[in-house]
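# A look at the structure
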Amino acid sequence: MIIISSDYLLTCDEDFRILENRAVVFDQKIIEIDTLEVLSAKYPNAKVEQLAPNSVLMPGLVNVHVHLEFSANKTTLAYGDFITWLESVIAYRDSLNSSCDDNCIDRALEEMQKSGTTMIGAISSFGADLASCVKTPMHVIYFNEVLGSNPAAVDALYSDFLSRLETSQSFANDRFTPAISIHSPYSTHPILAKKALGVAAKGDMVVSTHFMESQAERDWLDDASGEFKGFFANFAPNARPVNDAQSYLELFKNNKVLFTHATKATQEELSYMCNIGAITHCPVSNRLLGNGRLTLECIEEFTLGTDGLSSNNSLSLWDEMRGALMMHSTLPLNTLAQKLLLAATAHGANALGQKTGRLVKGYDADIISVTLPDALARVEEIAQQLILHTEKVDCIYIKGESV
């Protein structure tokens, strides 16, 4: 049992309570929050640690959407336009995948951990990241991805997906949870999606999908026009969309689902997604691929992901939050900062179906500490100051264990 006290404690509950001069006592779970004096007297055998001045205790960060299999990319892939980027992914996919061995993925996971991430939603297309995800101390929701729009290949693709899913299920434990990803409406045949979603519903597994990431996707799904028309013509001259937007969304009505990107979604689509699941914001990826921004003004809450190093230069959620803070320039600064921290903690954990992301009694003891460079002039601005100044964390506990 451990007691840690700090100048500031963020519970990351819905009221975004900021507690001063408080301590938390925990083992694998959070037991209680009170003053150091009260907790020391109540739990005399607990190990006590008093953090430095200007220290902040808060829940570990939750990155709900990250692709690890392209972690070898630095300057290989093209940015600025979605289709140009996608074509570069196809051109260099094999060389990047062969360059990204277990050590490459291990390094990416370690860097995420150093910045305070304690839980990830790993989107796995090939299973190449499985060994690293199984051994990391972080919580991993492991999304086995299915994609393919050729109806003749549905059975083979489904068989491969099931094989990868079953392999991941053999490693399931209290830190590693198998899940399912349906790639996108432009890339996944509805029969294939339905079969995979049936497996997810039967196993009560959370689901992730990309939706309305680009204008090319919007044009293609709405009327088979735009840049995807030329893109798909390279593979099938008479290609047509295999889904429309509404029918694709309705496929997920019986699943717990995270919809990622949604930068080109309509208000009606945003409302539907919020009603049946959660929306994941990846602001840096959206900017680098020329896809605009998610209209945060239209949704109450959201989750946060870094996407992968195929469309980002960092897997740190602090970098992601800084990018979002600048991207959404019309929103009140501190209100946005608080929403971003909740997206990266409580809302992310809830969307993944995990009881963590808050410093609340009974929740998993996934805890990080950060030291601010100076005393706070205004305590209510702690969210924006954390986002502006944090690179690495001072300490990190996952299920009560120091890592």
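Up top you'll find the structure we're talking about.
So, here's what we can say about the structure. These numbers come from a predicted model, not from an experiment. Residue numbering note: each chain is counted from 1, following its sequence as written. Per-residue local features are limited, in this predicted model, to residues with pLDDT of at least 70; the limit for side-chain atom pairs, both in listing and counting, is 80 or more; totals at the level of whole chains, interfaces and linings are taken over all residues. Excluding hydrogens and water, the side-chain values take into account all heavy atoms of the structure.

To continue, consider the overall build of the protein. The secondary structure listing takes helices from DSSP runs of H or I that are at least 4 residues long and strands from runs of E that are at least 2 residues long, numbered from the N terminus. A count of helices and strands for the protein gives 15 helices and 16 strands. Oriented by its inertia axes, the alpha-carbon framework of the protein measures out at about 75 × 45 × 40 Å. A simple rule labels every residue: compare its accessible area, found with a 1.4 Å probe on the protein chains alone, to the largest value its type can have, and call it buried under 20%, exposed over 50%, or partly exposed in between. Here the protein holds 403 residues, and 57% of them are scored as buried. In the protein, of all internal contacts separated by at least 6 residues, the share reaching a separation of at least 24 is 71%. Note on contacts: a residue pair is in contact if any heavy atoms of the two residues lie within 4.5 Å.

Attention now goes to the side chain of N286. Mapped onto the secondary structure, N286 falls in helix α11 (residues 283–288). Looking at N286, the relative accessible area reads 0%, which means it is buried. Polar contacts here mean pairs of N or O atoms no more than 3.5 Å apart (in protein, one a potential hydrogen donor and the other a potential acceptor; neighbouring residues in sequence count only if both atoms are side-chain atoms). A polar atom in the side chain of N286 sits 3.1 Å from the side chain of H261. In contact with N286, not counting residues within four places along its chain, are H261, T263, H281, N291 and G292.

Here we take up helix α5 (residues 154–169). To estimate how far a helix should reach, multiply one less than its number of residues by 1.5 Å. Compared with the 22 Å implied by 1.5 Å per residue over 16 residues, the 22 Å span of α5 between its first and last C-alpha is a close match. Those residues of α5 that are buried are in contact with β7 (117–124), α4 (130–135), β8 (139–146), β9 (176–182) and α6 (190–202).

Now for the pairing of strand β14 (residues 367–371). For a regular strand, side chains alternate in direction, first toward one face of the sheet and then toward the other. Of all five residues in β14, four are buried; the element is thus mostly enclosed. In terms of strand pairing, strand β5 (residues 55–59) meets β14 through five bridges, oriented antiparallel. Its bridge partner being in β14, P59 is matched across the sheet by I367. Should DSSP find at least two bridges between two strands, the strands are taken to pair. Where β14 and strand β15 (residues 395–398) come together, three bridges link them in antiparallel fashion. Opposite I367, over in β15, you have Y397 as the bridge partner.

Our focus in this paragraph is the sheet that holds β9. Note: strands within a sheet are paired through backbone hydrogen bonds, in either parallel or antiparallel orientation. The strand order across the open sheet formed by eight strands is β6-β7-β8-β9-β10-β11-β12-β13, and the pairing between neighbours is parallel. If you trace the sheet from one side to the other, it starts and ends with β6 (61–66) and β13 (303–304), each paired once. Alignment of strand β12 (residues 277–281) against β13, held across two bridges, turns out to be parallel. Bridging across to β13, T280 finds its partner in T303. Whenever a helix is involved, its axis is fitted only over the stretch in contact; in every case the axis is a line through C-alpha atoms, and angles between N-to-C directions fall within 0 to 180 degrees. Strand contacts of α5: β7, β8 and β9, with the helix running at about 165° to β8, the strand carrying the most contacts.

Pairing of aromatic rings covers Phe, Tyr and Trp, the last counted by its six-membered ring, and requires centre-to-centre distances within 6.5 Å; plane angles under 30 degrees mean stacked, over 60 mean edge-to-face, and any other angle means tilted. What the rule picks out here adds up to 14 aromatic pairs. Judged by centre distance (5.2 Å) and plane angle (70°), the ring pair of F26 and Y397 falls under edge-to-face. One end of the pair, F26, is in strand β2 (residues 18–26); the other, Y397, is in strand β15, and 371 residues separate them in sequence. Look at Y397 and you get buried, because its relative accessible area is 6%. Here the aromatic rings of F231 and F232 are separated by 5.4 Å at their centres, their planes lie at 80°, and the arrangement is edge-to-face. This pair shows no difference in class: F231 is buried, exactly as F232 is. We count a charge as sitting over a ring when the NZ of a lysine or the CZ of an arginine lies within 6 Å of the ring centre and within 35 degrees of the ring normal. Looking at K195, its charged tip hangs above the ring of Y158, at a distance of 4.4 Å from the centre.

In this structure, L68, I182, F228, W318, M321, L341 and L386 are the most contacted members of the largest nonpolar core, which totals 100 residues. Definition used in this section: a nonpolar core is a set of buried Ala, Val, Leu, Ile, Met, Phe, Trp, Tyr and Cys residues joined via side-chain atoms within 4.5 Å. Ranked by size, the runner-up nonpolar core spans 15 residues in total, among them F26, L57, C395 and Y397.

Time to look at the packing of α5 against α6. Running from N to C, α5 and α6 cross one another at 25°; their axes reach a closest spacing of 10 Å. Taken together, α5 and α6 sit at an angle that is classed as roughly parallel. As α5 packs across α6, the resulting crossing turns out to be right-handed. For the pair α5 and α6, contact is made by V154, L157, Y158, F161, L162 and L165 and by I191, L192, K195, A196 and V199, respectively. An angle below 35 degrees is treated as roughly parallel, one above 145 as roughly antiparallel, one from 65 to 115 as roughly perpendicular, and anything else as oblique. Here a crossing is called left-handed whenever its near helix is offset anticlockwise from the far helix by less than a right angle, and right-handed whenever the offset is clockwise.

Attention now goes to the pattern of salt bridges. The rule for a salt bridge is simple: a side-chain nitrogen of Lys or Arg has to be within 4 Å of a carboxyl oxygen of Asp or Glu. Tallied over the full model, the rule gives 17 salt bridges. Here K42 ties to E32 by a salt bridge, and the two come within 3.1 Å at their closest N and O atoms. Of this pair, K42 sits in helix α1 (residues 36–42) while E32 sits in strand β3 (residues 30–34), and the two are 10 residues apart along the sequence. Residue R293 pairs with E297 through a salt bridge whose shortest N-O separation is 2.7 Å. According to the relative accessible area criterion, R293 is partly exposed, its value standing at 28%. Look at E297 and you get partly exposed, because its relative accessible area is 40%. Residues joined in a network through salt bridges with shared partners are K29, D364 and K399.

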